[in-house]
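# Chain and residue survey
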Amino acid sequence: MLLQLRRTTTKYTAITMTNLQNQLAYVWEALNRAVFIVLIMFVFVQLWTAVYETQGATEIAGLSLQATIWYFLIAEVMELGKIRHDERISEEVKDGSVAYTLTRPYNYLAYHFFNGLGETAVKMTLIFLLGLPLVVYYAGWPTVAPGQLLPVLLVGALAMLLDFFAFSIIGLLAFVTEDTFSFRLIYQKFVFILGGLMLPLDFLPGWLQPLARVLPFNLTTYAPAKLFVAFSWAQFWQILGLQILWLTIFGLILLRQYRWATKQLVVNGG
Amino acid sequence: MSDVVVNVNGLAKTFQVKQKAAGLRGSVRSLWRQNTREVTAVSDISFALQKGEMLAFIGPNGAGKSTTIKMLTGILYPSAGQASVLGFTPWKDRRKLGYHIGSVFGQKPQLWYHLPPEDTFRLFARIYELDMAEFQKRRDFLVESFQIADLLQTPVRKLSLGQRMKCEIAASLLHRPRIIFLDEPTIGLDVVAKQQIREAIRYLNEQEQTTIFLTSHDAGDIESLCKRVVIINHGRLIYDNSTSALKRQYLRRKIIDVRFAEPLTEPFALPCVETLKQGTHGLKLEFDGRDVPVETVVQQVMATKPTQDITIADPPLEEIIREIYKK
Ligand SMILES: Nc1ncnc2c1ncn2[C@@H]1O[C@H](COP(=O)(O)OP(=O)(O)OP(=O)(O)O)[C@@H](O)[C@H]1O
Ligand SMILES: [Mg+2]
């Protein structure tokens, strides 16, 4: 039992580490991509400074300009750093290498999770560090209290997991449709508008907010970013509850979908 | 009967080939509305494979070989029939079966592209939950068998196709699979690499009684490895017997190669005998043993001019296979 647990742990750790090593070959490319964050943060800063100025307000929906700037950095770190394994699954189906990855003794989705984990950690750190100087320059240091950091990290981790589940659902569609690009695009539009990537949910029109808050999109992006800039225990518990709810729903969907998808799978090539 | 490794019974696979419209709308619609065309890839094949057997599973392009392998390794659900591999139903017990089988697809890479093979080997050791000491012994054994010692530390992207294939096959053998499915493992390789791979596979089979399930379009692979041949065509099993029986059964054609001591002056001609080549001193003939007895041809040849050398050979296996495919 214990031995099996240790074997399972080393198995998935090895997957993470191998991918990480493989990614090192792409360091320059990753850096290149991460530089994008400096650009986009600069645009955000200019845009929101102007908005706050024309409004003549120090706070909009309870968020100061400083908080808003920090909000976007965290939201972008979450969004740009996420595991994008649906593309990888799609590639595997298209080039037929799923014939290998599906026959090895591990959980196929867990394989993809740990495969992406190392990359995500690197990407998130890189994006954060690159965006940091600019954000500190314009918005100062964050106000989050040390005691709040742990719950924020927890919500951040669950956000990542929930996002992984959502993209697993999209990824497994590749077993049938091969291409997932269209589905990803739709999902990302929802994240963009209802997930808080374009605006913090608090800035949305009043009638849209309750809906946006219970839908899963905001739980992967808005949730950690908002708690990071304006922590409240009430909102923390609400978000945590919703995250667990949606994780359960997506988890159940995935269980059924996996069984269905592997039956539908047609492996190309050969 | 515990030595039966593979047992296939009435296995069939029909593909619904989707005629998907392009673009987003096409993708979404293909989820429920499907314009499909049926393609029967494998229909009603049955055979069994014993422990330690080396089977050549051959057939022309599109015959259904890869489809069969995909069903036997559990990544494809059959449309009908049963199969058991090492006592498991592959598509139901895919993960459990995974510990005991290996597969190599000649056209698909499994090694991590930017890492040296050694790193992928280590990852596989973890994935298959190998004991590290055991793994190192195994790796050394395979490195020796495939002669890949000097390739282990080179990133895979810098290896040639042949070098990579040797590493790919070795990677699939790390966990001591009891059966290995090889789908065109020698495709695109030169004679030396082919030979090395064949030797390594044969050695493994001798040493460990690993059952080999091989598809190949290279008659050399089949001739040098497999005692038994199964041929499928259009998804149907059309032949299942020993390689030597295959030759005997179809070996009506003979090829005679002659060198004369004196130059030939006239074109050689004999009814029912095809002149493949004629030079000043050389002659190459092919004929069907049922039309003309070998003795008659040889006598005729020797009557033409004094001969220096004469060889009578069977046509290569390749030609026999071609004959069968044509039917
Ligand atoms: N993913 C697929 N979707 C639809 N039809 C397929 C698919 N894969 C294979 N087929 C069809 O099934 C038949 C058998 O294909 P398969 O790949 O098993 O042939 P094969 O014997 O391996 O041929 P080759 O020697 O060319 O590799 C072919 O007619 C092929 O068009
Ligand atoms: Mg094939």
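What counts and how
Residues numbered from 1 in each chain as written. Chains lettered and ligands numbered in written order. Predicted model: local features only at pLDDT ≥ 70, side-chain atom pairs only at ≥ 80, totals over all residues. Heavy atoms only, no water. Buried < 20%, exposed > 50% of the residue type's maximum accessible area, 1.4 Å probe, protein only. Helix = DSSP H or I, 4+ residues; strand = E, 2+ residues; numbered from the N terminus. Pairing = 2+ DSSP bridges. Domains from an automatic or database assignment. Contact = heavy atoms within 4.5 Å. Buried area = accessible area lost by both parts, 1.4 Å probe. Nonpolar A, V, L, I, M, F, W, Y, C, P; charged D, E, K, R; others polar. Salt bridge = Lys/Arg side-chain N within 4 Å of Asp/Glu carboxyl O. Polar contact = N/O pair within 3.5 Å; in protein donor to acceptor, adjacent residues only side chain to side chain. Axes fitted to C-alpha atoms, helices over the stretch in contact; angles between N-to-C directions. Phe/Tyr/Trp six-rings, centres within 6.5 Å; stacked < 30°, edge-to-face > 60°. Lys NZ or Arg CZ within 6 Å of the ring centre and 35° of its normal.

### Quick look at the pairing of strand β3 (residues 54-58) of chain B
Residues and elements named next belong to chain B. Most of β3 sits inside the fold, with 5 of its 5 residues counted as buried. Summarising the sheet, β3 and strand β7 (residues 211-215) pair through 3 bridges and their orientation is parallel. Looking at the pairing, Met54 lines up with Ile212 of β7. As paired strands, β3 and strand β8 (residues 228-233) are joined by 4 bridges and run parallel to one another. Pairing of Ala56 across the sheet is with Val229, part of β8.

### Here's the deal with the domain arrangement of chain B
Residue and element names in this part refer to chain B. If you check the domain split of chain B, you get domain 1 (4-12 + 48-248) and domain 2 (253-326). A separation of 39 Å is found between the C-alpha centroids of domain 1 and domain 2. Across the contact, 12 residues belong to domain 1 and 6 residues belong to domain 2. When domain 1 packs against domain 2, the two sides together hide about 820 Å² of surface, and 79% of this comes from carbon and sulfur. Contact with domain 2 buries area across many residues of domain 1, yet Ala219, Leu246 and Lys247 alone supply 41% of it, more than any other trio. By residue class, the composition of the side of domain 1 that touches domain 2 is 7 nonpolar, 3 polar and 2 charged.

### Points about the interface of chain B and chain A
On the side of chain A, 41 residues touch chain B, which itself brings 37 residues to the contact. For the pair chain B and chain A, the summed buried area comes to about 3,600 Å², and 62% of that belongs to carbon and sulfur atoms. Scanning the region where chain B abuts chain A turns up 1 salt bridge. In this structure, Lys11 of chain A and Glu129 of chain B form a salt bridge, with 2.8 Å as the shortest nitrogen-oxygen distance. On inspection of chain B and its partner chain A, the count reaches 8 residue pairs in polar contact (both at pLDDT 80 or more).

### So, the sheet that holds β3 of chain B
Sheet strands pair by backbone hydrogen bonding; their relative direction is either parallel or antiparallel. All names here are of chain B. The 6 strands lie next to each other as β5-β6-β7-β3-β8-β9, forming an open sheet whose pairing is mixed. This sheet does not close on itself; its edge strands, each paired only once, are β5 (101-105) and β9 (236-242). Sheet twist, expressed as the mean angle between neighbouring strand axes with direction ignored, is 15°. In this fold helix α2 (residues 65-72) packs onto β3, β5, β6 (179-183), β7 and β8, with an angle of close to 150° to the strand it touches most, β6. Those strands touched by helix α6 (residues 161-173) are β5 and β6, and its axis lies near 160° from that of β5.

### With respect to unusual backbone geometry
All names here are of chain B. A positive phi angle, close to 55°, is found at Glu129, a residue other than glycine. Positionally, Glu129 belongs in the loop between α4 (117-127) and α5 (132-146). Glu129 sits in the buried class, given a relative accessible area of 13%. One non-glycine residue with positive phi stands out, namely Glu184, at about 50°. Locating Glu184 in the fold gives a position in the loop between β6 and α7 (191-208).

### Examining the packing of aromatic side chains
Across all of its chains, the model carries 29 aromatic pairs over all chains by this definition. With centroids separated by 5.4 Å and ring planes inclined at 85°, the aromatic side chains of Tyr71 of chain A and Phe72 of chain A adopt a geometry described as edge-to-face. Phe72 of chain A carries the same exposure label as Tyr71 of chain A, and that label is buried. Between Phe167 of chain A and Tyr187 of chain A, the ring centres sit 5.1 Å apart and the planes meet at 80°, which makes this aromatic pair edge-to-face. Of the two residues, Phe167 of chain A is situated in helix α7 (residues 146-177) and Tyr187 of chain A in helix α8 (residues 181-194); the sequence distance between them amounts to 20 residues. Judged on exposure class, the residue Phe167 of chain A and its partner Tyr187 of chain A are both buried. The rings of Phe44, Trp48, Tyr71, Phe72, Phe203 and Tyr222 of chain A are connected pair by pair, giving a single aromatic cluster. One residue, Arg84 of chain A, lies across the ring of Phe167 of chain A, its end atom 4.1 Å from the ring centre. Across from the ring centre of Phe105 of chain B, 4.7 Å away, lies the NZ or CZ of Lys108 of chain B, which sits over that ring.

### Some remarks on the sheet that holds strand β12 (residues 282-288) of chain B
Residues and elements named next belong to chain B. Here 4 strands make up an open sheet; going across it, the order is β11-β12-β10-β13 and the pairing antiparallel. Here the strands that pair on one side only, and so sit at the sheet edges, are β11 (273-278) and β13 (307-313). Neighbour-to-neighbour, the strand axes of the sheet open up by a mean angle of 20°, direction not taken into account.

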